[in-house]
Amino acid sequence: MMRKRLPVTVITGFLGAGKTTLVNHLLSERRDCAIGVIVNEYGEVGIDGELIVADENAIIEIRNGCICCTVRTDLIHGVKALLARTDIALDRLLIETSGLADPAPVLQTFLADAELLTQVELESVICVADAVNLARHIDDDTAREQIAFADLLVINKMDLLDPSAIASLERDLRRINPGARTVHSTYSRVPADLLIGTPRFSLASLLEIEPGLLEDEHDHEHDQSVSSCAVETEQPLDAALFNRWIHQLVQRQGEDLLRMKGILQFGKEARQFQFHSVHMLMESRPGKRWPADTVRKSRFVFIGRHLDAQALQQGFLACAQQVAAPAIA
Ligand SMILES: Nc1nc2c(ncn2[C@@H]2O[C@H](COP(=O)(O)OP(=O)(O)OP(=O)(O)O)[C@@H](O)[C@H]2O)c(=O)[nH]1
């Protein structure tokens, strides 16, 4: 008997829009469903895999590049690896692209692989739009493509948006993508039945936007002024030093610092601390407990324009507590 093709939802949206929040929301709403997750991060140090609350056997992280460029073969391998697993019978697959990914080549990867096409079907392309920061990026080619290729637009962070700005925001989005269904959300809390289970993806509509999608070689360029760097330390951080440093950094460079995120070890805390920033907006909260028998390592990623990697790394490391030198007898 032929196995039903696995429905795939591609989740796009600019840096920090709320994609991982949406994935976690969906996973917690649909515990009855075996959902595989492939997550692609731009930075070389993985953070998102740690933040997603999926069964660890059903999640694959693709790092060190953008899914739409160098790591497209990794995407195919990732999907095939999940499909080949015999210990979990997946009901569906979510693919969270990096915030800098152009969705066209990602979709092309799926639509052009004959073997994959017999196993999976694209159900929907969801773009999470950051209601607060969208205006900053609306002229960016990647951000526009993410919006244009979506069949569902989730306008997220409504809690932070001045209600008088909603109409013009929706107008901007409709100008780029008049056909997509639109839904508002806070913390990406969209009814699960709207996010999955409804086949919305239409190749015909996509070809209207990008007629050469199936033939073209991927030719889009990333904004060369955007880069990322990361830093790690096994030395616990001092919370007061970190707070002072991060606030000063955001005040000085928040416009250029598109995204920062980290998993942090403060002092002897048994729990991890998660840190996020999107431009000037910062959020931190306790995360899961550090696993026993592992080295507790803080990890921090910066993505932005004109980054001075060395200065950022040094600033972060200066927040690490100095371990007292052994006393000399
Ligand atoms: N106030 C507010 N914050 C939100 C909302 N949705 C997400 N956030 C916060 O925004 C930050 C980024 O959210 P993520 O879900 O990690 O965003 P992302 O799109 O996965 O980020 P990248 O993958 O790094 O591009 C986190 O601090 C979230 O808690 C929202 O509706 N309101």
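As the structure is a prediction and not an experimental result, all values here were calculated from the model.

Reading guide: rules and limits
- Residues numbered from 1 in each chain as written.
- Predicted model: local features only at pLDDT ≥ 70, side-chain atom pairs only at ≥ 80, totals over all residues.
- Heavy atoms only, no water.
- Phe/Tyr/Trp six-rings, centres within 6.5 Å; stacked < 30°, edge-to-face > 60°.
- Helix = DSSP H or I, 4+ residues; strand = E, 2+ residues; numbered from the N terminus.
- Buried < 20%, exposed > 50% of the residue type's maximum accessible area, 1.4 Å probe, protein only.
- Pairing = 2+ DSSP bridges.
- Polar contact = N/O pair within 3.5 Å; in protein donor to acceptor, adjacent residues only side chain to side chain.
- Axes fitted to C-alpha atoms, helices over the stretch in contact; angles between N-to-C directions.
- Contact = heavy atoms within 4.5 Å.
- Domains from an automatic or database assignment.
- Buried area = accessible area lost by both parts, 1.4 Å probe.
- Salt bridge = Lys/Arg side-chain N within 4 Å of Asp/Glu carboxyl O.
- Nonpolar A, V, L, I, M, F, W, Y, C, P; charged D, E, K, R; others polar.
- 1 Å grid on protein atoms, 1.4 Å probe; cavity = no way out; pocket = protein on both sides within 12 Å on 5 of 7 lines; lining within 4 Å.
- Points joined across faces, edges and corners; volume = space filled by probe spheres on them.
- Core = buried A, V, L, I, M, F, W, Y, C linked by side-chain atoms within 4.5 Å.
- Near = heavy atom within 4 Å.
- Areas by Shrake-Rupley, 256 points an atom, 1.4 Å probe, with all protein chains shown as cover.

### Focus: the packing of aromatic side chains
For any pair of aromatic rings, the description rests on two quantities: the centre-to-centre distance and the angle between the ring planes.
Right, on to step 1. Overall, the coordinates contain twelve aromatic pairs when judged by the stated rule.
Right, on to step 2. Between the aromatic rings of F242 and F300, the centroid separation amounts to 6.0 Å while the plane-to-plane angle is 75 degrees, which identifies the pairing as edge-to-face. Here F242 is found in helix α11 (residues 239-253), whereas its partner F300 is found in strand β12 (residues 298-305), with 58 residues between them in sequence.
Right, on to step 3. Where W245 meets F316, the ring centres are 6.0 Å apart and the plane angle is 75 degrees; that geometry is what we call edge-to-face.

### As for the pairing of strand β2 (residues 35-40)
Within a regular strand, the side chains alternate between the two sheet faces.
Right, on to step 1. Burial analysis of β2 places six of its six residues in the buried class, the great majority of the element.
Right, on to step 2. Burial along β2 is two-sided: I35, V37 and V39 and G36, I38 and N40, pointing in opposite directions, are all buried.
Right, on to step 3. Alignment of β2 against strand β4 (residues 92-96), held across five bridges, turns out to be parallel. Counted as the bridge partner of V39 is E96 from β4.

### Thoughts on helix α7 (residues 141-148)
Right, on to step 1. Listing the buried residues of α7 in full gives T142, A143, Q146, I147 and A148.
Right, on to step 2. Capping the start of α7, D140 holds a side-chain oxygen 2.8 Å from the backbone nitrogen of T142, two or three residues further along.

### Re the sheet that holds strand β11 (residues 281-289)
Right, on to step 1. Strand order in the open sheet formed by five strands is β8-β12-β9-β10-β11, with antiparallel pairing between adjacent strands. Both outer strands of the open sheet, β8 (226-233) and β11, are each paired with one neighbouring strand and no more. Recorded for the sheet is a direction-independent mean angle of 10 degrees between the axes of neighbouring strands.
Right, on to step 2. Bridge count between strand β9 (residues 257-264) and β12: six bridges; the pairing is antiparallel. Across the sheet, R259 pairs through a bridge with I303, a residue of β12.
Right, on to step 3. Here α11 sits on the sheet and contacts β9, β10 (271-278), β11 and β12; the angle it forms with β9, its principal contact strand, is near 170 degrees.
Right, on to step 4. Sitting on the sheet, helix α12 (residues 309-317) touches β8, β9 and β12, and the angle it makes with β8 is about 30 degrees.

### Comments concerning the domain arrangement of the protein
Right, on to step 1. Domain annotation for the protein reports domain 1 (6-209) and domain 2 (226-317).
Right, on to step 2. Put simply, the middle of domain 1 and the middle of domain 2, counted by C-alpha atoms, are 25 Å apart.
Right, on to step 3. Taken together, the 22 residues of domain 1 in the interface contact 25 residues of domain 2.
Right, on to step 4. Between domain 1 and domain 2, the buried area comes to about 1900 Å², and carbon and sulfur atoms account for 60% of it.
Right, on to step 5. On inspection of domain 1 and its partner domain 2, the count reaches one salt bridge.
Right, on to step 6. The salt bridge involving R136 is made with E255; its shortest N-O contact spans 2.7 Å.
Right, on to step 7. Where domain 1 meets domain 2, there are three residue pairs in polar contact (both at pLDDT 80 or more).
Right, on to step 8. Among the secondary structure elements, those contributing two or more residues to the side of domain 1 that touches domain 2 are α2 (48-51) and α6 (134-137).
Right, on to step 9. Of the residues that constitute the side of domain 1 that touches domain 2, the class distribution is nine nonpolar, five polar and eight charged.

### Things to note about empty space enclosed by the protein
To find the voids left in a structure, one rolls a probe of water-molecule size over its atoms.
Right, on to step 1. Applying the stated criterion across every chain, the model contains one cavity of 30 Å³ or more.
Right, on to step 2. Of the voids in this model, the largest cavity is the one considered here, and its volume is about 40 Å³.
Right, on to step 3. What lines the largest cavity is G13, F14, C127, V128, A129, D130, L134, A143, Q146 and I147.
Right, on to step 4. Among the secondary structure elements, those contributing two or more residues to the lining of the largest cavity are β5 (120-130) and α7.
Right, on to step 5. By residue number, the principal contributor to the lining of the largest cavity is β5, which donates four residues.
Right, on to step 6. Among the residues making up the lining of the largest cavity, the classes are represented as seven nonpolar, two polar and one charged.

### A closer look at the pattern of salt bridges
Right, on to step 1. Per the stated rule, a full pass over the model turns up twelve salt bridges.
Right, on to step 2. A single salt-bridge network, built from bridges that share partners, covers K80, D113 and E115.

### Points about the nonpolar core
Right, on to step 1. V8, V79, L107, F110, L122 and I147 are the most contacted members of the largest nonpolar core, which has 41 residues in total.
Right, on to step 2. Elements represented by at least two residues in this core include exactly β1 (6-12), α3 (72-84), β4, α4 (103-112), β5, α7, β6 (152-156) and α8 (166-176).
Right, on to step 3. Once residues lying within four places of it in the same chain are set aside, the contact partners of L122 are V8, V10, L107, F110, L111 and F201.
Right, on to step 4. In terms of nonpolar packing, the next biggest core, distinct from the first, is built from 23 residues, L22, L27, V128 and L195 among them.

### A few points about the site of the ligand
Right, on to step 1. Around the ligand sit 21 residues in total, of which K19, T21, Y187, K261 and E283 are the nearest.
Right, on to step 2. For the ligand, an oxygen atom lies 2.6 Å from a polar atom in the side chain of K261.
Right, on to step 3. The contact in question runs from an oxygen atom of the ligand to an N or O atom on the side chain of E283, over 2.5 Å.
Right, on to step 4. Relative to its free-state accessible area of 650 Å², the ligand is covered by the protein chains to the extent of 94%.
Right, on to step 5. Of all the elements in the fold, those that place two or more residues in the shell around the ligand are α1 (19-29), β9 and β11.
Right, on to step 6. A per-element tally of the shell around the ligand places α1 first, with three residues.
Right, on to step 7. Partitioning the shell around the ligand into residue classes produces five nonpolar, seven polar and nine charged.

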